[in-house]
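# Chain and residue survey
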Amino acid sequence: MKNLLNQKQMRSADAFTIKNKEILSVDLMESASRAFVKAFLQEVPEKATSIAILCGKGNNGGDGLAIARILKDSGYSGVSVYLVNFSAKETEEYTINLKRLEDLWFPLTAVNTAADLPDLKEKVIIDAILGSGLNAVLEGPYLQLVESVNALNRQVIAVDVPTGFPAEGPLKKEGVYLKADLVICFQRPKINFFFPESVQALKRFTVVPIGLDEEFIQNCDSPYRLIEGPDLTGLVKPRAPFSHKGTYGHALIVAGQQQTMGAALLSAHACLHAGAGLTTLSIPESGLTALNTRLPEVMYLDRADLIPEKTNKFSAIAAGPGLGTAEGSIAILQGLLKLKVPLILDADALNMMGDKPELLKQLSSGSVLTPHMKEFDHLFGDHDSWWERLETAREKALELGCVIVLKNQYTFIIDLTGKVTVNTTGNAGMAQGGMGDVLTGLIASFAAQGYTANEAACIACYLHGKAGDELAETQVSISASDLTGRVSKTLKGLIK
Ligand SMILES: NC(=O)C1=CN([C@@H]2O[C@H](COP(=O)(O)OP(=O)(O)OC[C@H]3O[C@@H](n4cnc5c(N)ncnc54)[C@H](O)[C@@H]3O)[C@@H](O)[C@H]2O)[C@@H](O)CC1
Ligand SMILES: [K+]
């Protein structure tokens, strides 16, 4: 899995690469700028497009100057450079790249105060004002400049990070950032790109390798990493010869009420399709006809049988989808907690825990909690920012000895040691009811098949989003049942 670094570690990776690969810092800048232009070409292929590059005086600005030269060399005919001279000092790499442009008689416009910014006519703006060197919120002329650029409503492509946007740490509601349509980011995405608040600064990002030492990056002690398809190849086991249904575990899902039987059926359906050897559903008796007609492969367990002697054969137990929060449901949850086995808890099971926090203490180690933001805050208190929410999730995962799957556009899977795996699969077509129920069924399925709680959560989250991404190639929206119908095929693609 790819490690995500904070800016201090990123600077160390720069320094290590420069020392170890014996390349000059300015050459690394050249490599970064070339990588930027390669990605830019995909985005703005029309060479006659007018482009304004706004360059600060740090290395982000240095990148901007090198990008101007490389764009011109690549045939872009309408490139203008604006030198944002708000800071007294400039970096060595900036100075070298400025000299290179001056030697080419490249037209340069100085912007010494925010009021100096001319009426920009260019169609595309490249933001190279400030990058990851930012150390505080924007104020003074930077703030004014960013506000006037935002008011232009042009297509903005930012170098590495939008000006003013902190790469990590809590994102303040009142923060002002240069609004980029796209960020072309170097080597690794910034941690803050994965939080919903980032929409204030960017619509999308793409990551380009610039030649930093990967071994160094992977050896950095970081609590954050990304999960990608190749990480699962090798982890997800193929079906073995001579295996039988007993080889692939027996999952129990405790879900549904008379009015919410659909949630239970969706969960069990997903569990089945992700390969559990046997799936049993514990629902109210009123749902039996629906179960037998819709999911003939799934077995039934009476609610009265949620006792140790009847449940010890299950290799994973999930509870919550459509379970309700009334007295009867609380008794079911309390009964499950008394089994003293790891549980996968979602939806109403989490709501009940939020109502009765003392139940959290009864969770067995190795359990999995799958809250979305509201459920999470109900469990652990309100949070002002996603950064803080994730910090709490890390503390709670460690304290409770459980895996927390904090769901959002990018889902964070926090393991028992507080390490965070970020999942990037999934798309807006999946924004439909029932998706969470499917995810719970997938986690239960992989846990039943013998994967650890963290592995089961990682495989399930990746697979869930990936199946959705594959369907989104030909569909606008994706129903929970569509998704379930796809998972086995997607899973096949992940196995070596
Ligand atoms: N070898 C390297 O270090 C590489 C760096 N690269 C680029 O370098 C960037 C980082 O460069 P730098 O560290 O020089 O930093 P920046 O270019 O991001 O900004 C540094 C300047 O901003 C000022 N500043 C910081 N916070 C401010 C604030 N809140 N308000 C006003 N001014 C503020 C600093 O005093 C300094 O003058 C990266 O984002 C990337 O674009 C790339 O060229 C790749 C290689
Ligand atoms: K920038």
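Definitions and cut-offs
- Residues numbered from 1 in each chain as written.
- Chains lettered and ligands numbered in written order.
- Predicted model: local features only at pLDDT ≥ 70, side-chain atom pairs only at ≥ 80, totals over all residues.
- Heavy atoms only, no water.
- UniProt positions renumbered as here; feature names shortened; annotations may be inferred.
- Domains from an automatic or database assignment.
- Contact = heavy atoms within 4.5 Å.
- Polar contact = N/O pair within 3.5 Å; in protein donor to acceptor, adjacent residues only side chain to side chain.
- Nonpolar A, V, L, I, M, F, W, Y, C, P; charged D, E, K, R; others polar.
- Donors = N, O, S within 2.8 Å, 3.2 Å for Na, K, Ca; no water.
- Helix = DSSP H or I, 4+ residues; strand = E, 2+ residues; numbered from the N terminus.
- Buried < 20%, exposed > 50% of the residue type's maximum accessible area, 1.4 Å probe, protein only.
- Near = heavy atom within 4 Å.
- Areas by Shrake-Rupley, 256 points an atom, 1.4 Å probe, with all protein chains shown as cover.
- Disulfide = S-S within 2.5 Å.

Naming follows an unreviewed UniProt entry, where the protein appears as Bifunctional NAD(P)H-hydrate repair enzyme of Pedobacter hartonius. Recorded under Subunit (unreviewed entry), the UniProt text for the protein is reproduced unchanged: "Homotetramer."

We now examine the domain arrangement of the protein. The domain architecture assigned to the protein consists of domain 1 (2–222) and domain 2 (230–494). The distance between the C-alpha centroids of domain 1 and domain 2 comes to 41 Å. Residue-level contacts link 16 residues of domain 1 with twelve residues of domain 2. Here domain 1 and domain 2 share two residue pairs in polar contact (both at pLDDT 80 or more) between them. The residue inventory of the side of domain 1 that touches domain 2, partitioned by class, reads nine nonpolar, three polar and four charged.

Now for the coordination of the potassium ion (ligand 2). For the potassium ion (ligand 2), the full set of protein donor atoms is Asn-60 (OD1), Asp-127 (O), Leu-130 (O), Val-159 (O) and Val-161 (O), at a range of 2.6 to 3.1 Å. Counting residues between consecutive donors of the potassium ion (ligand 2) along the chain gives the motif N-x66-D-x2-L-x28-V-x1-V. A residue pair is termed long-range when its members are at least 10 positions apart, and Asn-60 in helix H3 (residues 59–73) and Leu-130 in the loop between strand E5 (124–128) and helix H5 (140–152) qualify at 70 residues. The pair Asn-60 / Leu-130 is uniform in exposure class, with both members buried.

Taken together, 23 residues surround ligand 1, and among them Asn-60, Asp-63, Gly-131, Asn-135 and Asp-160 come closest. The separation between an oxygen atom of ligand 1 and a polar main-chain atom of Gly-133 is 2.9 Å. Note that a nitrogen atom of ligand 1 is positioned 2.8 Å from one of the side-chain N or O atoms of Asn-135. Considering ligand 1 on its own, with 880 Å² of exposed area, one finds that the protein chains cover 80% of that surface. Elements that contribute at least two residues to the shell around ligand 1 include exactly helix H2 (25–43) and H3. The element best represented in the shell around ligand 1 is H2, accounting for four residues. In terms of residue class, the shell around ligand 1 is built from ten nonpolar, ten polar and three charged.

As a further point, take the state of the cysteines. The full count for this structure, using the stated rule, is zero disulfides. This cysteine, Cys-220, is not joined by any disulfide, and Cys-185 carries the nearest cysteine sulfur, 15 Å off. There is no disulfide at Cys-461, and the cysteine sulfur nearest it, in Cys-458, is 7.0 Å away. According to the relative accessible area criterion, Cys-461 is buried, its value standing at 4%.

On to the environment of Ile-459. Looking at the element boundaries, Ile-459 is found in helix H16 (residues 453–472). Note on Ile-459: relative accessible area 0%, which makes it buried. Linking Ile-459 and Gly-441, residues 18 residues apart in sequence, is a C-alpha distance of 12 Å.

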